[in-house]
Structures are given as structure tokens and as C-alpha cells.
Amino acid sequence: MEKTKIHFPEKGISKEEILINAIKKKEKDIDWGKGRSFCLIYYPGEEKSKLIKEVFDVYYYDNALNPTAAPGIAAIESEATKMCIELFHGDENVRGNISSGGTESILLAVKTSRDYAKKVHPEIKNPHVVVPSSVHPAFFKAFHCFGLDFTVVKVKNDLRADALAMKNAIHQNTILIVASAPSYPHGVMDPIKEIGQIAQEKKLLFHVDACIGGFMLPFLKNAGYDIPDFDFSVEGVTSLSADLHKYGYSPKGASVILYKNGDLRKSQFSVYTGWNGGVYGSPTLLGTRAGSSIAGAWAALNSIGMEGYTRMAKATMETTNKIKKTIVEIEGIELMGKPEMTILAFTSKELDVFVIADELNKKGWHFERQQLPPSIHLTINFIHCNVAEEFIEDLKSSVENAKKFSLEKITNKLQTGLVKGLSKLLPEGTIAKYQSTRDEKLEASTRNKAAMYGMMGALQGTSDLNEMVLDFLDKTYS
Ligand SMILES: Cc1ncc(COP(=O)(O)O)c(C=O)c1O
């Protein structure tokens, strides 16, 4: 870890020095440019990204807060939103905005539901939301921020939302029900039609979180894949979020949030009329909004178009199918659920899947590790079309290596102590002495990382794990 003391610069630093510093720092980040990362980044290729960046740069200092000062960027937002409304089968009543990302879109959807319910159901004093257990944590952030009560309903064995159990969780204070298209952890589609029917029957708002799927599913459908309806074409859907900065291939900082009608969207806006600074109204959660991100999203939609997105979706799905087939064929690992699009997870009953993860990391691949049960998550996008074969070979050999390895069980008490130690960033070697392996030839770092994730799994549901994550965040941003 860098120990350099940072000071506010006395004088401006030279361009060269700043650039060298930035590039040097970036060397530590995941190497997504060569397709080695199955998470976080979605890249449309050099040609498109260059054009998108040019448009991003046109607006790179601009503020989308005040549409009267910047009608140009307001028009760009409006055009991008209209394109999305058409893509998601909204009628002429559907309204929306571009937000800064999936989390903001979800925060907005939840705030809107709360404020709309306050208006139409003033008798509800303690509003409540029903979500499936696979829903993105942004919803819990939203419930916390907006003070909403919620029920988490366990997904079914196929990892999809359990519509009936969700129905049973609805009570007199319920205002909103949520489903994902698809869920992030396993890439499976919740039964949107069924939940839409329940929402209609119970007269509830129904949000579809298509943050990750919104800019992949319609194009897969266009390419001939059998994709269930998930958008405003489904009766009962009242709002939908879809991230432009994921499979929309726009630069970070762009998502779209859409509502069935303008009346509902009004509850999204914030207005304060008593300020000395003037009457203040803002459409989304942020005040100042980056014009560049909105312009970048608009540029992505315009430059890639239906034909480009469909071509990229088809190629990405073909790559996904190759990887899926390999996972199904390899003995010792198994695909989780039946993912409909280009994200998936695999687990193992007999092997430590985090040892496989460590082996793949050593070969330069990056992805998310999941829990409950331990699994490896892959978000496959266009950039992976050229590296799939290499990944498949590395996956096969990583599983073989993992078969040679087995982590001995350590007691829960010891695990707690170790994880606490890790939160204080003990050198990896410190924990190595607490564990033993059957194959001493494996590198210590492999044992340590797998052990750490194993311990985190064992600590599930304890306050120690929560505390450890808080400590980690505190240290990371210190
Ligand atoms: C289904 C789903 N919803 C919401 C989000 C949150 O999006 P963001 O990270 O842009 O805030 C994600 C992110 O992966 C997601 O997959």
C-alpha cells in the first residue's frame, strides 16, 4: 500500500507529471481493455467508443441542472429518453429521465413510489415494499434513505422470484413490488408477467429493474432469441430502470428511469420554493448533473443504433453460449439456474469455487465472487467475443488445479479472528499459518484468498462480517 503523504499542491503540477501519475495509478486497475474483466466495464470497441468520447467531450464541462440555461443538453436528454421509451414499448404517456446510474434510477423509483403513495393513499403511514431476495442492494440503500419498510422474499429453486410468495407478503401497507430483468447474481428473469398481474390485482406500483438487461434483452429478441416480455408491454409494469452505461455501452454515469405516466413521474421531482437562491426544482436526485454523461449516452444510442446493438448482442450471446456449454461440460462445476442472457454464475458442490477463482485470477482474469452459495459471476459483453476460447482453456485448467486442492476446515472462532485481522489489513502471510493445505505446492496467495472468502462465507449473517466491510470501506477511502 502506498504510504506517500498527500498534500494540497502548492502550485499546479505539469501536464506531463499529472498524466504520468494518472497512467501509473491506472496500471493497478483491472486490465479490461484486453477483455480480461468479466465485470464492471462494457466496451463497444474502439471505433464506437472514439465517437462517443468526442460527443462526451463536446459537453464535458456542461451542467444539465437548468434546462433554460442549457436547452441543448435538455433536448439531448429528452431525445435519449424518447428512444428508450420506444425501445421499452412505452406509449405516449410514458415519461422519464436520464440519471447517473442504476442506483440513482432505483433510488428515484423508490422515492417516487413513496411520494406517489403518500398522495393517493394518505392512510398508509408505514409504506412497505416487497422484493425478491435476488434484487440488487441498491433497493436496500433506497429503503434506508427513504425510510421504507420491506419484505425480502426468497427466490425459488430456479433462482427466479417466487411470485406467489411475493403475493403472500403483500399487506395493507404495501405500495410497491419489484422484479429484475434479469437479476444480477444469476442472470435469470423474474416472472414479470405473473408479478404484473399481481400488481394489477392488488393495485400496486410495480418496478422492473432492467438495469443490467435493458440494453441486451430487446436486441437479443430482435436477433431471434426467445426472450420473455419484461417492459411496458407487460400489463401492470409502472416503472422501469435500464442502464445505458452497461449494455448501452455509454460512458459511466447514465441510466434511464421511466414511468407509466407523467402523474407518477411528478413524484420523482424535488421542488423547494422558499429559498433565497430562487425557486428550485430538480428532476432527479442530483443537483448538478454531468452533461457529458447524458451526451455520451445519446451518442451511444445514435451511433450504435438498432442494427449495431443487435449485431453486438448476437455475437455476445454466441460467446456466452460457448462459455455456458463449457461450464455444463466440465465435471465438478455447475451453471446456476437457466440464465437467459449474457450474465451467468457457476458454483461447485465438491470443489472450493474460490480456489478456481484464484487460479483464474493468476491467469489474469477478473470477475466477481458471489456467496450463498459461493460462486463465480461472469458478465459477458462484446469485448469478450475475441477472448472466449482462451478463457475456456484457462477455466478448464483452473478447475483441474482446484481438484488438487482442498482447504481444511477451520473453526468458526478462528475464522472470526482471522477475518477481523484481515480487516486490519494484516499481511497475507499472517493468516497462512492458521491454515493447512493438502497440496503444499500451491502458492500461498492462492490458499489465502480462497481461505479468506471461505471465512467470509462462514461469517455470513454475523455482525462481524458487517463490521469488517465497514472497516474495509473506511480504510479504502481514507
Ligand atoms: C440488476 C441491477 N440493478 C441495479 C444495479 C446498480 O447499477 P449501478 O452500479 O449503475 O448503480 C446493477 C448493477 O450491476 C444491476 O445489475
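Look above for the structure.
Worth saying up front: this structure is predicted, and the values here are computed from it rather than measured. (Residues numbered from 1 in each chain as written. Predicted model: local features only at pLDDT ≥ 70, side-chain atom pairs only at ≥ 80, totals over all residues. Heavy atoms only, no water.)

1. Let's talk about the nonpolar core
- Counting residues in each nonpolar core, the largest one holds 66 residues, and the members touching the most others are F88, I177 and F215.
- Residue contributions to this core peak at 11 residues, all from helix α10 (residues 291–329).
- Excluding residues within four positions of it along the chain, F88 makes contact with G214, F215, P218, F230, D231, F232, S233, L240, A242, V256 and L258.
- In this structure, I333, F354, L360 and I392 belong to the second largest nonpolar core, which totals 27 residues. (Core = buried A, V, L, I, M, F, W, Y, C linked by side-chain atoms within 4.5 Å. Buried < 20%, exposed > 50% of the residue type's maximum accessible area, 1.4 Å probe, protein only. Helix = DSSP H or I, 4+ residues; strand = E, 2+ residues; numbered from the N terminus. Contact = heavy atoms within 4.5 Å.)

2. A few points about the sheet that holds strand β5 (residues 205–209)
- The 7 strands lie next to each other as β1-β7-β6-β5-β4-β2-β3, forming an open sheet whose pairing is mixed. Single-partner strands in this sheet number two, and they are β1 (95–99) and β3 (149–153). Here the strands of the sheet are splayed against their neighbours by 15° on average, with no regard to which way each runs.
- Alignment of β1 against strand β7 (residues 255–259), held across 5 bridges, turns out to be antiparallel. Looking at β7, one finds that N97 is bridged to I257.
- Its contacts with the sheet place helix α4 (residues 102–120) against β1, β4 (174–180), β5, β6 (239–242) and β7, and it is angled at close to 20° to β7. (Pairing = 2+ DSSP bridges. Axes fitted to C-alpha atoms, helices over the stretch in contact; angles between N-to-C directions.)

3. Some points on the site of the ligand
- Lining the immediate surroundings of the ligand are G101, G102, T103, I106, H136, Y184, D209, C211, I212, D243, H245 and K246.
- The contact in question runs from a nitrogen atom of the ligand to an N or O atom on the side chain of D209, over 2.7 Å.
- At a separation of 2.8 Å, an oxygen atom of the ligand approaches a polar side-chain atom of H245.
- In the complex, 83% of the free accessible area of the ligand, which totals 390 Å², lies under the protein chains.
- Per-element tally for the shell around the ligand: the top contributor is α4, with 3 residues. (Near = heavy atom within 4 Å. Polar contact = N/O pair within 3.5 Å; in protein donor to acceptor, adjacent residues only side chain to side chain. Areas by Shrake-Rupley, 256 points an atom, 1.4 Å probe, with all protein chains shown as cover.)

4. Quick notes on helix α2 (residues 46–58)
- End to end, α2 covers 18 Å across 13 residues, agreeing with the expected 18 Å (1.5 Å per residue, within 8%).
- For α2, the secondary structure elements touched by its buried residues are α10. (Expected span 1.5 Å × (residues − 1).)

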